[in-house]
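# Geometric and topological summary
Given next are the chains, with one letter for each unit.
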Amino acid sequence: MTRIAALLVMVLAFASPAFAQTTFDTKAKFAILMDEESGTVIFQKDADLPMEPASMAKLMTIAVVFDELRAGRIAMSDEFFVSEHAWRTGGARSGGSTMFAELNSKISVENLVRSVIIQSGNDAAIVLAEGIAGSEGSFAAMMNELAADIGLTDSHFTNPTGLPDPDMHVTARDLADLARYLIKDYPQYYHYFSEPEMEWNKIKQPNRNSLVEMGIGVDGLKTGHTESAGYGSVISTKDGGRRLIAVVHGLTSMSQRTEEGRKLITWGARAFERVAAYADGAVVARANVYGGTSGSVGLVGKGEVALYLPRGSRKCLGAEVHYTGPLMPPVKAGDQVAELRVFCDDQLVQVAPLFAAETVEEGDIVRKATDALKQLALGWL
């Protein structure tokens, strides 16, 4: 057992975790910083309050497109028609971010996706919506259906562009969860988010996420701005040894958006250190099993269990193993059945999944009777 592992106090519990809120502040009205692998929130500021998404809503548009690609209903090589509605509402005449698509032309799905991500093209987003669902309204219904499937419980979408609508809203937490979904489910397309520029119709435009070109490891995802919402961005980086996702919104200028986003993502990458807590195969704890061939099962990480802890915090550590128990057999080796929640001064700093170390089959009638008496007499805590 490592020194860090020895410091962890293992307590079986069922309470919901608090969220980490360490020493950082931002000028953003809404903000969140999340560990991509575990979903642990490292920092938040009004992350559950409704806000206008602006062009960050296009991440939901892209999620629907990727979902259609995965299902085989469309292909990157398919070409969609540029309607007059798309041209007028989202084109050069609109005064907003645009691809400069030509009226009545056809554009491949791949170039439309690239425009939405790199140029934030409103015309490209509408062309995709019409090409997939026939209209913006029908496409918005698809957006909301997928959002519900992902678990974005506090968001509602009414169009594919993010253009202002009083009925459209998101939260910073939902945007971070949406980014996490895109990164996890569609790694084959993630490279589009870090492309530095795109040229269309002889007009070259840089990636609107200026952090991509700053050399600080940021490789996505999307910016947004309207007069009513202010400036915001969804950011991600693998700098520092793990992938982080940040959202900042409600800022007053493009430069402030860049600076506040840079500060938050850099703090997250630099203020934590990686510590190897449990070796590959080391049993972290045991979970009770009801009516199995064994009364408990060992819990292990998938490979080495590494923790990311605030620098200088090794003496503040505590941990809880959370699972819904007792577990019911059969429990198969490799099943994710629990999670390790690591705290520093009562603040949650990381969640690591735990897996069954061995298989526990259903036990005989004697084992079931014994466990039933145990449950009645003692409970399972």
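Here, residues in each chain are numbered from 1, in the same order as that chain's written sequence. The predicted nature of this model means local features are confined to residues of pLDDT at least 70 and side-chain atom pairs, given and counted, to a pLDDT of 80 or more, with totals for whole chains, interfaces and linings taken over all residues. For side-chain calculations, the full set of non-hydrogen atoms in the structure is used, while hydrogens and water are omitted.

## Description of the overall build of the chain
- For helices the rule is a DSSP run of H or I covering at least 4 residues; for strands it is a run of E covering at least 2, with both sets numbered from the N terminus onward. Regarding its fold elements, the chain presents 9 helices and 17 strands.
- For the chain, buried positions account for 55% of its 381 residues.
- At a minimum sequence separation of 6, the contacts of the chain that also span at least 24 residues come to 65%.
- Throughout, the Shrake-Rupley method with a 1.4 Å probe supplies accessible areas, and for residues the shown protein chains are the sole cover considered. For the chain, the computed accessible surface area is about 16300 Å², with 51% contributed by carbon and sulfur atoms. The cut-offs for exposure are 20% and 50% of the maximum accessible area for each residue type, with area from a 1.4 Å probe on protein chains only; residues under the lower value are buried, those over the upper are exposed, and the others partly exposed. When checking whether two residues touch, look at their non-hydrogen atoms; a contact exists if any pair is within 4.5 Å.

## A short note on the pairing of strand 15 (residues 317-322)
- When you tally the buried positions in strand 15, you get 5 out of 6 residues, the bulk of the element.
- Here the rule is simple: two strands pair whenever DSSP picks up at least two bridges between them. For strand 15 and strand 16 (residues 336-344), the ladder comprises 6 bridges, and the chain directions are antiparallel. By the bridge assignment for strand 16, E320 is matched with R341.

## Looking at the sheet that holds strand 3 (residues 41-45)
- Read across the open sheet, the 5 strands follow the order 3-2-10-9-8; overall the sheet is antiparallel. Both outer strands of the open sheet, strand 3 and strand 8 (218-226), are each paired with one neighbouring strand and no more. Between one strand and the next, the sheet's axes are offset by a mean angle of 5 degrees, whatever the strand orientation.
- Here strand 9 (residues 230-237) pairs with strand 10 (residues 244-251) via 6 bridges, running antiparallel. Across the sheet, I235 pairs through a bridge with A246, a residue of strand 10. Note on method: axes are straight lines fitted to C-alpha atoms, helices fitted across the in-contact stretch only, with angles between N-to-C directions ranging 0 to 180 degrees.

## Focus on the nonpolar core
- Ranked by size, the top nonpolar core spans 63 residues in total, and within it M60 and V113 carry the most contacts.
- With near-sequence residues (within four places) excluded, M60 lies in contact with M143, L146, A147, I150, L152, F157 and L178.
- Definition used in this section: a nonpolar core is a set of buried Ala, Val, Leu, Ile, Met, Phe, Trp, Tyr and Cys residues joined via side-chain atoms within 4.5 Å. Listed in part, the 29 residues of the second largest apolar core include V289, A338, L340 and A356.

## Focus on helix 5 (residues 122-133)
- To estimate the expected span of a helix, count its residues, drop one, and scale the result by 1.5 Å. For helix 5, spanning 12 residues, the distance from its first C-alpha to its last is 16 Å, which sits close to the expected 16 Å at 1.5 Å a residue.
- Burial within helix 5 is extensive, with 10 of its 12 residues counted as buried.
- Of all the positions in helix 5, only N122, D123, A124, A125, I126, V127, L128, A129, E130 and I132 are classed as buried.
- On its buried face, helix 5 is in contact with helix 2 (58-71), strand 4 (79-81), helix 3 (84-90), helix 4 (109-119) and helix 6 (136-150).
- G134 occupies a position one or two residues after helix 5 and carries a positive phi of about 95 degrees.

## Overview of the environment of S294
- With respect to the helices and strands, S294 occurs in the loop between strand 12 (285-288) and strand 13 (296-300).
- When the C-alpha positions of S294 and E361 are compared, they lie 7.9 Å apart, and in sequence the two are 67 residues distant.
- With residues up to four places along the chain from it excluded, the contact list for S294 reads V289 and V360.
- Under the rule applied, a polar contact is a pair of N or O atoms within 3.5 Å (in protein, one hydrogen donor and one hydrogen acceptor; residues adjacent in sequence only if both atoms are side-chain atoms). A distance of 2.9 Å separates the side chain of S294 from the backbone oxygen of S296, its partner in a polar contact.

## Quick look at the packing of aromatic side chains
- Centres within 6.5 Å are what make two rings of Phe, Tyr or Trp a pair, Trp counting through its six-membered ring; a difference in plane orientation under 30 degrees is then read as stacked, over 60 as edge-to-face, and the rest as tilted. Summed over all chains, the structure comprises 9 aromatic pairs.
- With 5.4 Å between their ring centres and 85 degrees between their planes, F24 and F43 make a pair best called edge-to-face. Taken as a pair, F24 in the loop between strand 1 (10-13) and strand 2 (30-35) and F43 in strand 3 lie far apart in primary sequence, 19 residues in all. Residues F24 and F43 agree in their burial class; the two are buried.
- Measuring from centroid to centroid gives 6.2 Å for Y186 and Y189, while their planes differ by 25 degrees, and the two rings are stacked. Each member of the pair, Y186 as well as Y189, is classed as buried.

## Brief notes about the pattern of salt bridges
- By definition, a salt bridge exists where a carboxyl oxygen of Asp or Glu is found within 4 Å of a side-chain nitrogen of Lys or Arg. Under the criterion given, the structure shown has 17 salt bridges.
- Residue K263 is joined to E260 by a salt bridge in which the shortest nitrogen-to-oxygen separation is 3.2 Å. Residue K263 and its partner E260 are both found in helix 8 (residues 254-270); the two are separated by 3 residues, about one turn of the helix.
- With a relative accessible area of 29%, K263 lands in the partly exposed category.
- Overall, E260 belongs to the buried group, its relative accessible area being 2%.

## Some remarks on the environment of S115
- Structurally, the position occupied by S115 is in helix 4.
- Residue class for S115 comes out buried when judged on its relative accessible area of 0%.
- Excluding anything up to four places from it in sequence, S115 contacts M99, S120, G121, A124 and M198.

## Section: the side chain of E36
- Tracing the chain through its elements places E36 in the loop between strand 2 and strand 3.
- Residue contacts for E36: discarding those within four places in its chain leaves R180, I183, K184, R243 and I245.

## Let's talk about the confidence of the model for the chain
- Counting all residues, the mean pLDDT for the chain is 88, and 89% of those residues have values of 70 or more.
- Predicted confidence is poor over residues 1-21, with pLDDT under 50, and the contacts of this stretch with residues over four places away or in other chains come to 63 contacts. The pLDDT value tells you how sure the predictor is about a given residue, anywhere from 0 up to 100.

## Structural notes on the pairing of strand 8
- Judged by how many residues are buried, strand 8 sits mostly within the fold: 8 of 9 residues are covered.
- Relative to strand 9, strand 8 runs antiparallel, the two being bridged by 8 bridges. Counterpart to L221 in the pairing with strand 9 is I235.
- Connecting strand 8 to the next strand, strand 9, in antiparallel fashion are 3 residues.

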